[in-house]
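The chain contents come next:
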Amino acid sequence: MTDGRRPSRGARIVRLLLALVEAPVVAAVVVGLAAAYLPPRPYWWSQLVAIGLPYASAVLAAFGVVWLLGRRWGAVALHLALLLVVSVRAGALDRLARPQARPADLVLTTFNVPQVGPSREALGDSVVAYVSGTAPDVVAMQDAWVFGRNEHRSGQDVQVEAVDQRLPYTLTVPERLAGHPGWRSNATGVPLLVRDEAPVEVLEQEALVLGVERDPDVSLALRTHLRWDGRELVLYNLHLRSFGAVKPWEDSTVSLTRPSTWAPYLRLYRGVYAKRGDEAAEIAQRIADETLPVVVAGDFNSTADNWSYRALRTAGGVGRTDAFQRAGGWRWGRTYHALRPFVRIDFVLADPALEVVSARTTPVTFSDHRPVRVGLRWRE
């Protein structure tokens with residue numbers, strides 16, 4: 001018989017077991033929060049953990065309810081503190097104000113367009129339908145290749161060609177497209193298209209050369225100096241290094257019960273995170289050297305809890321606004337995979353000189369990424 005103040009032995013055992021079961025979840029949340037500050041070369045594994053931070057936080061909240069029902073106030077306080085940090089990181093405070101869009105706003109869309117489809121014509125038709133239906137002033141594309149003139153190959157991928165030729169948009173890329181040191185030299189996979197009637201003037205462009213290896217998966221960046229509404233800014237259109245076309249969940253040789261089958265992918269991810277971090281750091285340094293307001297857009301292949309995202313968002317000590325966090329409402333804004341979106345890896349980061357007035361993603365069936373469309377205006 002207990003004295004009414006001390007829990008019974010059985011209750012203590014249950015609480016201990018619950019704490020042991022929950023410990024990996026707490027660790028995942030803590031590591032996920034720390035990953036944005038941990039260099040990806042030595043701490044590449046933390047970047048993997050960070051991908052699941054939103055889901056680990058949901059599980060943590062469920063455990064918090066259990067502790068609340070058991071009136072374990074110390075545990076409840078710990079859960080509330082961690083969840084508060086997660087909420088602030090996710091932009092909960094930014095979403096409280098909802099600015100109103102105006103016709104004069106600059107509308108920018110970032111879109112990793114599809115590479116495969118039923119046919120070349122179908123790919124072109126799909127991209128044209130989306131762009132004509134949403135009418136952005138500027139379209140920052142990724143995975144849409146534009147080739148310079150040389151003895152081997154020239155021209156445009158159909159996703160670019162269709163919009164450029166069938167809609168009132170103009171392709172804008174530098175004269176020199178040596179932005180990729182690998183197997184697609186004299187080319188860029190991050191072209192920009194500007195609506196002909198938009199009050200946007202392209203003043204200068206540069207395809208950045210990143211990395212030192214002849215690597216087909218190297219990150220890409222296109223720097224564009226623009227004039228809009230009487231003022232100038234710089235737009236970086238990015239496609240950061242990916243993990244490759246083959247995914248472990250699509251590989252029939254990978255088994256959760258056989259850790260040895262994970263090893264090749266873990267080695268791959270370790271290398272990708274290290275190289276992506278180096279390339280993101282190069283871009284961040286270029287951004288830090290800018291004297292004009294900077295907008296960063298594109299496919300980061302990283303979530304908002306990864307190191308690369310934070311490096312770009314805070315480059316030069318400037319706190320840029322995550323457009324979807326600011327004006328996307330209470331929706332999560334996940335962009336990949338488009339049919340069953342699991343993570344948010346496509347972003348628009350706006351300079352403090354600009355106000356984000358709208359942001360939304362669009363469900364599409366013809367690409368593996370959802371496009372992100374945002375409205376911007378100069379602050380008064």
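Q: Please explain the pattern of salt bridges as it appears in this structure.
A: A side chain with one charge can pair with a side chain of the opposite charge if their charged atoms come near. Applying the stated criterion across every chain, the model contains 14 salt bridges. Here R166 and D125 are joined by a salt bridge, their closest N and O atoms 2.9 Å apart. With R166 in helix α6 (residues 158–166) and D125 in helix α5 (residues 120–134), this residue pair connects regions lying 41 residues apart in the sequence. Judged by relative accessible area, which is 39%, D125 ranks as partly exposed. E206 is the salt-bridge partner of R286, the closest N and O atoms lying 2.9 Å from each other. Placement of the pair is R286 in helix α7 (residues 263–288) and E206 in strand β8 (residues 200–208), with a sequence separation of 80 residues. Shared partners join several salt bridges into a network, and the residues in it are D105, E355 and R377.

Q: Can you help me understand the sheet that holds β8 in this one?
A: Consider a sheet: its strands pair through backbone hydrogen bonds, and that pairing is either parallel or antiparallel. The strand order β8-β9-β10-β11-β13-β12 describes an open sheet built from six strands, whose pairing is mixed. Each edge of the sheet is formed by a strand with only one pairing partner; in this case those strands are β8 and β12 (321–322). With four bridges connecting them, strand β11 (residues 294–299) and strand β13 (residues 346–350) associate as antiparallel partners. Along β13, the bridge assignment pairs A297 with V348. Each of β8, β9 (220–228), β10 (231–239) and β11 touches α7; the most contacted strand, β10, lies at about 180° to it.

Q: Is there a simple way to explain the layout of surface pockets in this structure?
A: Space left empty within the atom packing is revealed by a probe, the size of a water molecule, rolled over the atoms. Considered as a void within the structure, the second largest pocket measures approximately 520 Å³ in volume. If you go around the second largest pocket, you meet 25 residues; those closest to its centre are P54, V86, A90, R95 and W332. Those elements that place two or more of their residues in the lining of the second largest pocket are α3 (53–69) and α4 (73–89). The biggest single contributor to the lining of the second largest pocket is α3, with five residues.

Parameters at a glance
Residues numbered from 1 in each chain as written. Predicted model: local features only at pLDDT ≥ 70, side-chain atom pairs only at ≥ 80, totals over all residues. Heavy atoms only, no water. Salt bridge = Lys/Arg side-chain N within 4 Å of Asp/Glu carboxyl O. Helix = DSSP H or I, 4+ residues; strand = E, 2+ residues; numbered from the N terminus. Buried < 20%, exposed > 50% of the residue type's maximum accessible area, 1.4 Å probe, protein only. Pairing = 2+ DSSP bridges. Contact = heavy atoms within 4.5 Å. Axes fitted to C-alpha atoms, helices over the stretch in contact; angles between N-to-C directions. 1 Å grid on protein atoms, 1.4 Å probe; cavity = no way out; pocket = protein on both sides within 12 Å on 5 of 7 lines; lining within 4 Å. Points joined across faces, edges and corners; volume = space filled by probe spheres on them.

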